[in-house]
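Results of the structural survey
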Amino acid sequence: MHGIYLTEILTTAVAAVLYGTLIYKLKLPVDNRFLWLAAVLALPLQPLAFYYVRLPLIHLVTVYVHTTPAVYQGLMTIYAPLTEEPAKLIPLLIPVIRRDIRVENFVRYALAIGLAFAIGEMWFIAHDLARNPAIAAEPFYRLYGYFAERLMTCVYHSAFLSMTLWQLRRRVMLGLAGAMALHWLCNFPIFLMSWNVGELGYATWLEIVNCWNGFYSIACLALLSWFGSRQVVSGMNLQSARF
């Protein structure tokens with residue numbers, strides 16, 4: 001078995017235990033049947049969005065839209081936000097799931113769907129990396145970069161989705177736009193590195209991207225914590241009002 005597949009299994013297990021335990025213990029009222037159904041439905045959404053939406057969109061732009069190289073490079077930065085954030089909402093097409101998402105529990109749904117979406121992405125990326133002979137030959141304990149990055153994406157995807165679900169009952173398109181903006185902002189330094197902006201070199205840009213990822217992970221955790229604490233306090237106030 002390729003080392004990347006062992007790393008993928010380990011990363012999935014750690015993510016499921018860490019985030020799954022948090023989701024399970026978070027004191028926000030949901031129907032657990034619908035919560036975990038939404039998570040299961042989200043598992044294949046990243047690969048499906050890539051193959052059936054993102055690749056056709058790239059093909060359409062490449063073949064039929066005449067752009068300069070600079071414009072095309074700019075368009076590359078929006079493909080992931082434009083396709084992945086709407087894809088995360090597919091579980092909401094089931095009425096019982098959509099009705100169960102309320103202002104007092106949306107962050108728990110964001111965590112569950114975001115985790116499942118990120119796990120699907122883990123397997124998709126591992127499958128792609130396994131086709132690279134250099135990576136396939138590496139033992140699993142040398143692939144710690146994949147491990148750390150994929151755990152961070154669990155937080156990222158949950159934070160992005162929380163922006164949409166926050167506005168689900170009021171201005172959902174505004175929330176979706178906010179989710180796309182956060183997603184774009186997260187990925188943009190990676191594109192700067194691939195373009196070697198400022199001719200800083202790969203090593204320098206790698207350090208910049210690593211620092212950015214650390215900062216962004218903290219920011220996303222802070223956003224989720226803020227949403228979660230607001231809902232817990234709101235729920236406590238509702239409970240007090242009943243007595």
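Parameters and conventions
- Within each chain, residues carry numbers counting from 1 in the order of the written sequence.
- Where local features are concerned, this predicted model is filtered to residues with pLDDT of at least 70; where side-chain atom pairs are given and counted, the filter is 80 or more; whole-chain, interface and lining totals use all residues.
- Note that the side-chain values use all heavy atoms of the structure and ignore hydrogens as well as water.
- Secondary structure follows DSSP: runs of H or I at least 4 residues long count as helices, runs of E at least 2 residues long count as strands, and numbering of each begins at the N terminus.
- Categorising residues by exposure relies on relative accessible area from a 1.4 Å probe, with only protein chains included: less than 20% of the type maximum marks a residue as buried, more than 50% marks it as exposed, and the intermediate range marks it as partly exposed.
- The contact rule is simple, with two residues in contact once any of their heavy atoms fall within 4.5 Å.
- A score from 0 to 100, pLDDT tells how confident the predictor is in each residue.
- Think of a nonpolar core as a cluster: buried Ala, Val, Leu, Ile, Met, Phe, Trp, Tyr and Cys residues, connected wherever their side-chain atoms sit within 4.5 Å.
- We define a salt bridge as a contact between a side-chain nitrogen of Lys or Arg and a carboxyl oxygen of Asp or Glu at a distance within 4 Å.

This part takes up the environment of V14. In this structure, V14 sits in helix 1 (residues 3–25). Assessed through its relative accessible area of 23%, V14 is described here as partly exposed. Along the backbone, V14 and A203 are 189 residues apart, and their C-alpha atoms lie at a distance of 29 Å. Discounting residues that sit within four places of it in the chain, V14 has contacts with F147 and L151.

Predicted confidence across the chain gives a mean pLDDT of 89, with 94% of residues reaching 70 or more. Ignoring residues within four places in sequence, the model shows residues 233–243, a span with pLDDT below 50, making zero contacts including any to other chains.

The next subject is the nonpolar core. With 56 residues, the main nonpolar core has I101, Y109 and L165 as its most contacted residues. Elements that contribute at least two residues to this core include exactly helix 1, helix 2 (32–42), helix 3 (45–64), helix 7 (106–129), helix 9 (144–166), helix 10 (172–194) and helix 11 (202–241). Per-element accounting of this core gives the leading share, 16 residues, to helix 7. For I101, the residues in contact, after removing those within four places along its chain, are L92, F106, Y109, L165, L168 and R169.

Our focus in this paragraph is the pattern of salt bridges. Two side chains that carry opposite charge are able to pair once their charged atoms sit near each other. All told, the structure shown has eight salt bridges when counted by the stated rule. Between K88 and E85 there is a salt bridge, and its shortest N-O distance comes to 2.9 Å. Classification of E85 by relative accessible area gives buried; the value is 1%. A salt bridge links R142 to E138; the nearest nitrogen and oxygen atoms lie 3.9 Å apart. Overlapping salt bridges bring together D100, R102 and E104 as one network.

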